[in-house]
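Structure at a glance
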Amino acid sequence: MLERIQKANDIKNLKKEELPVLAEEIREFLVETVSKTGGHLASNLGVIELTMAMHLVFQMPEDKIIWDVGHQSYTHKILTGRKDGFENLRKYGGMSGFPKRKESDCDAFDTGHSSTSISAGLGYVRARDLKGEDYSVISVIGDGSMTGGMAFEALNNASQLNSNFIIVLNDNHMSISENVGGMSRYLAKIRTADFYTGLKKGVTTTLEKIPKVGDSLIEQIRRTKSSIKQLIVPGMFFEDMGITYLGPVKGHDLPTLCRVFSEARRIEGPVLVHVLTKKGKGYTPAEEHPGKFHGISPFDIATGEVSEKKKKDTYTDVFGKVMCAEAKENPDITAITAAMEDGTGLSRFHSMFPDRFFDVGIAEEHAVTFAAGLAAGGMRPVVAVYSSFLQRAYDQIIHDVGLQKLPVVFAVDRAGLVGSDGETHQGIFDLSFLSSIPNMTVMSPKHKWELADMLRFALKSDGPVAIRYPRGAAYDQYVEYRAPIEYGKSEMICEESGIALISMGHMFEEAVKVRKNLKDAGYSCTLVNGRFVKPIDEECIARLAKNHKLIAVLEENVITGGYGMQVLECAARKQLSCHVLPIALPDNYVEHGSVEVLRKETGIDAQSVTEKIMETYKELQI
Ligand SMILES: Cc1ncc(C[n+]2csc(CCOP(=O)(O)OP(=O)(O)O)c2C)c(N)n1
Ligand SMILES: CC(=O)[C@@H](O)[C@H](O)COP(=O)(O)O
Ligand SMILES: [Mg+2]
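A quick note: this is a predicted structure, and the numbers were derived from the prediction, not measured. Residue numbers here run from 1 along each chain, matching the order of that chain's written sequence. Both sets of labels track the order of writing: A upward for chains, 1 upward for ligands. Restriction of local features to residues with pLDDT of at least 70 applies here, the model being predicted, together with a cutoff of 80 or more for giving and counting side-chain atom pairs; totals for whole chains, interfaces and linings are based on all residues.

Describing the site of ligand 2
Taken together, His40, Val69, His71, Ile176, His294, Gly295, Gly343, Arg414, Val418, Asp421 and Arg471 make up the full set of residues near ligand 2. For the shell around ligand 2, the class distribution of residues is three nonpolar, five polar and three charged. The start and end points of each domain follow an automatic or database-based domain assignment. Taken together, domain 1 (45-73 + 93-206 + 228-282) and domain 2 (315-468) each give at least three residues to the shell around ligand 2, which thus spans both. Only the C-beta atom matters for this test: placed from the backbone, it must lie within 6 Å of a molecule or strand for the residue to be near it. Residues are sorted three ways: Asp, Glu, Lys and Arg are charged, Ala, Val, Leu, Ile, Met, Phe, Trp, Tyr, Cys and Pro are nonpolar, and all the rest, Gly among them, are polar.

Here is the structure:
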């Protein structure tokens, strides 16, 4: 069947009885390909029938499907003629793991971060109506993503609509880990089919028993689905907001899904279709461990074991360990995550200090202001968050933390290039956006021991501190270079003259290679570990300017507003007679691919950096 899907809408040519076969073939195909490339498997296995149903009922690309997060769009990609792209899924130049408008006209909106789909969908609806056009808009949002503030803001706004807008709530009872909070509990209540049917039966049976109420009322209640639900589900959140609620619908039952979607598109106004799916459906290891298979590296299909075992501690591991050690000593330390407990290394902290661990759901904005409140109340909150997701909470950092100089620690994980997740997830803006905030201290460690030292330093600070570190294995060389952390001070690694190279954070590993290349080519080279982006070590820069012609600054952040630009500004302001060469990522989004390839492509790998430095230095000699 898969071979018959060459382009969008081809699915409509399949016979009814061929559709379950197609679903199984897609399932096998996804397990097979993701086992080789890695990717977001569990969520995708859960939405195969749901996606097929939408493609059967709606017309692509005229109708618009907007995927929340977009990590579950693999079947959509297959059904829109992109099956061959899976060979190079998430590889440089290959197909993205997320929807991309530039990849297909069937991808209506680019995503990667959560809880945006209802807002974007509503925008489409308003545009459609204003232009007098006629197409369906379907936003597909998971139960985890429904915990995000934007989703609620958009629902609130959507409730005013008079025209059709379909919101599909894909409820698999999971975020990456266990979903949390009141909305999750509420959905669980609606979800329990037994509860629903049981009570429905219970209500009618009870009514039947009441004399004089008679059959007509029972019949009326039977017919008025929403009234029954009003009786059964207290509050009926969506209906009360003015959003028609359809469901719960069995999410792996294709005919039912098609029927419900056909009904949903006839409703005038916003309608929420509550679909119950199973994360990892059809592949036992993923069904049993949906968290592990949420985003997975290449694995063995028979055992479900990841092919390449981790050999070294990651920065995330180091952070998690130090957090536990410090929290044992200091009862004020609290940890906050926005639905990324495992990814940020807080699982052990959670089990050791359950009262001091807070998973707030996918709600970075709230996480930051919540931390500000904790700090104001005398606690030592640590917000562990991926760099790109922290972008969400910019005003909260400025308005709620920075302004009051509250001692909140930001453990900014996945900083720099993250690799295969691509544009939406690269953590390449944090040095720029954090270091422009007054009262903020921003640092980045060169190796695993320095991360531990920085975290301990931050936990004693009297104001907000951000420590940024990357995804993956922590650098474990240069162990003897561990000068105590001094506020605003860089660390001299080796001092020579002529060329000075200041590296920021994990780019130290690359800087060591650059220095070796330069030395091999006959140049002398001073190497400095920058440590603090804010406050910048002006004294060190001034000292370097005295006996170096060139100061090269290396960082894995966009050039605009980054560390190098700040060194340049310092040199200009102090009128230092030295050339500053910032080497950073271009003022652009960086697509998916391995970090190694991306560094080469963007010119921040050791070889390109060496060449840039030699070229500039030669020019300065003339
Ligand atoms: C702003 C933001 N924070 C965190 C994430 C990381 N993240 C990706 S998917 C996900 C869970 C989403 O759960 P749900 O919407 O229920 O989808 P499911 O994976 O269950 O299909 C999280 C936390 C993100 N993509 N965006
Ligand atoms: C879709 C999403 O946002 C997450 O699943 C993300 O891909 C996790 O990234 P890590 O693999 O770096 O934890
Ligand atoms: Mg979910």
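What follows picks up the thread again.
So, helix α7 (residues 182-191)
Three exposure classes are used, all based on how many other C-beta atoms lie within 10 Å of a residue's own C-beta (placed from the backbone): buried at 20 or more, exposed at 12 or fewer, and partly exposed between those limits. Under the scheme used here, helices are H or I runs from DSSP no shorter than 4 residues and strands are E runs no shorter than 2 residues, and both carry numbers assigned from the N terminus. Taken together, the buried positions of α7 are Ser184, Leu187 and Ile190. Within α7, the buried residues cover an arc of 120 degrees as seen down the axis, which keeps them to one side. Turned more than 90 degrees from where α7 packs its buried face, Gly182 and Arg185 sit exposed. Two residues form a contact once the distance between their C-beta atoms, set from the backbone, is within 7 Å. Each element contacted by the buried residues of α7 is listed here: β3 (165-171), β4 (244-250) and β5 (270-276). As used here, the arc belongs to the directions running from the helix axis to the C-beta atoms.

Some words on the environment of Asp605
Counting through the fold element by element, Asp605 comes out in the loop between α24 (595-602) and α25 (606-621). For the pair Asp605 and Leu554, spaced 51 residues apart in sequence, the C-alpha to C-alpha distance is 10.0 Å. Beyond its immediate chain neighbours, meaning those up to four positions away, Asp605 contacts Glu510, Arg599 and Lys600.

A look at the environment of Arg4
Of note, Arg4 is situated in the segment before α1 (19-37). Sequence spacing of Arg4 and Pro331 is 327 residues, and the spatial spacing of their C-alpha atoms is 61 Å.

Topic: the site of ligand 1
With respect to spatial proximity, 23 residues lie near ligand 1, and among them Ser43, Ser114, Gly142, Gly144 and Ser145 are the closest. Classifying every residue of the shell around ligand 1 by side-chain character gives eight nonpolar, eleven polar and four charged. Shared between two domains, the shell around ligand 1 holds at least three residues of each, these being domain 1 (45-73 + 93-206 + 228-282) and domain 2 (315-468).

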